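Fold and contact review
Here is what each chain is made of, one letter per residue.
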Amino acid sequence: MKKKSTGKLWSGRFDGETAGSVEAFTESVSDDARLAEWDVRAGRAHAEGLYGAGVLKKSEWRLIDRGLADILDEIRAGRFRFRPELEDVHMNVERRLHDKIGAVAGKLHTARSRNDLVAADLRLYLMDAAGRICAGLTALQAAVVKKAEDHLGALMPGYTHLQRAQPVLFSHHMMAYHEMFGRDRERFTEARDRMDVSPLGSCALSGTALAVDWEQVAERAGFSKTARNSIDAVSDRDFALEFLAAASITMVHLSRLADEIVIWSSAEFGFISLPDRLCTGSSIMPHKKNPDVAELIRAKSGRVAGSLVGALMIMKGLPLSYNRDLQEDKRNAFDAADTVTACLEMARHLVEGMELNEEAMERAARGGFAASVDLVDYLVGKGLPFREAHFAVGRLVRHCERKGAVFADLSLDEFRKHSPLFGADVTELLKAERSVDGKVSPGSTATREVLKNIRRAKAALRGKS
């Protein structure tokens, strides 16, 4: 007696229906539906390869290719109806192809498995996402460089431990973020290069006996290389982990910038103000103007880092090769890609929109004991050992604190009580501009070095536009 099909594409092995609760628990199309465009791309490449190997007649290949092209139009137009009972994006696409062209659609799955197909789809998706994130990083870098160039002469305190340390140029501070985002872009670029390996042809785990031109299939799908080991190809998710690691580091950098924007815009600092369009108000306090965009960027960094940890935990105990655990990797990757992309755009708006209160920044840079290191260097230049110079200036600071004064309030005699090497020229050391431009080391806060880096950054950004 002929068995009645359960409706599943793998139903030949089974006599009974899958429990509804199991269908709901195991379906992945609610997550992987966004891979549909890439699934169609891989399918069209695969169909062409099957034609080249003689598995498909030309008429069959053309029919499948046209059917997949129509499905792609439906996906892009939002007309494609995903059916959870079909489990995943791959089976949804294949069933829709069958609905459109009939039984010949069943030939498309020759020499492929959902194992190599999902690996290919996810690689293609993350390659595209990495490219979009790199573009967002470049745009943010451009905004940082412009803000630095527009305020080249502005002074601010440089901080360690969130305590005023030494005066620096605001531009120098901002260009530190340019460096961070440049490293982020390099990480995504390198990660994308390592993603660019086609697993197609690996099938479930061991490869195929059909003589398909897999290099051509890879190129047609959008890859430049083919996998060297079929077991690794279907079970590897290093490319997703690397994407998530790069995303996490990028979000840490965005969080640091966001945190400084929150601090700088507070009444206690008053270094910057944000435009109304980037802030929100309070439901009870009518005077409030909250930097919520920056605060949310700061919070979302933890979400992306959590996605990385979640993905690492999925992978840590899996035997080779494919395991259904890998179904859970996509939600982490998709959410991280969306979050980083959105946060990059918001961070760019914050940098572009913030207005500097240069007077408040410079007042803070000139106050306190920011010239301490310059006084130490001065004494060292007079021949005093560094440790003795450090101690002398430390005692000078203590003297000022007891007196309720700053260095500028002291007489030359008071300086000399702490070291006879202080001369009348000591007052020049107390000028913040002198401290900034007195630096001679490469990459320092000196105006000439900062300007050199701005020019170098602008040239590099022009090359990427």
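Attention here is on the structure that accompanies the text. The shown structure was predicted, so the numbers you read here are calculated from the model rather than taken from an experiment. (Residues numbered from 1 in each chain as written. Predicted model: local features only at pLDDT ≥ 70, side-chain atom pairs only at ≥ 80, totals over all residues. Heavy atoms only, no water.)

1. Topic: the pattern of salt bridges
Enumeration according to the criterion identifies 32 salt bridges in this entry. In this structure, Glu74 and Arg96 form a salt bridge, with 2.8 Å as the shortest nitrogen-oxygen distance. Placement of Glu74 in helix H4 (residues 58-77) and of Arg96 in helix H5 (residues 89-101) is noted, with a sequence separation of 22 residues between them. A salt bridge links Arg366 to Glu433; the shortest N-O distance between them is 2.6 Å. (Salt bridge = Lys/Arg side-chain N within 4 Å of Asp/Glu carboxyl O. Helix = DSSP H or I, 4+ residues; strand = E, 2+ residues; numbered from the N terminus.)

2. Brief notes about the pairing of strand E1 (residues 155-160)
Side-chain positions along a regular strand alternate between the two faces of the sheet. Here E1 pairs with strand E2 (residues 163-169) via six bridges, running antiparallel. Paired with Met156 across the two strands is Val168, which belongs to E2. If you look at the hairpin formed by E1 and E2, you'll find two residues sitting between the two strands, and His161 has a positive phi there, around 60 degrees. (Pairing = 2+ DSSP bridges.)

3. Describing H5
With 13 residues, H5 ought to run about 18 Å at 1.5 Å a step, and its terminal C-alpha atoms sit 18 Å apart, in line with that. Looking only at H5, the buried set comprises Val89, His90, Met91, Asn92, Val93, Glu94, Arg95, Leu97 and Ile101. On its buried face, H5 sits against helix H2 (29-32), helix H3 (36-52), H4 and helix H6 (114-150). Note on H5: the residue one or two positions beyond its end, Gly102, has a positive phi of about 90 degrees. (Expected span 1.5 Å × (residues − 1). Buried < 20%, exposed > 50% of the residue type's maximum accessible area, 1.4 Å probe, protein only. Contact = heavy atoms within 4.5 Å.)

4. Examining the side chain of Glu87
Checked against the element boundaries, Glu87 lands in the loop between H4 and H5. Looking at Glu87, its side chain comes within polar contact range of the side chain of Arg114, at 2.7 Å. (Polar contact = N/O pair within 3.5 Å; in protein donor to acceptor, adjacent residues only side chain to side chain.)

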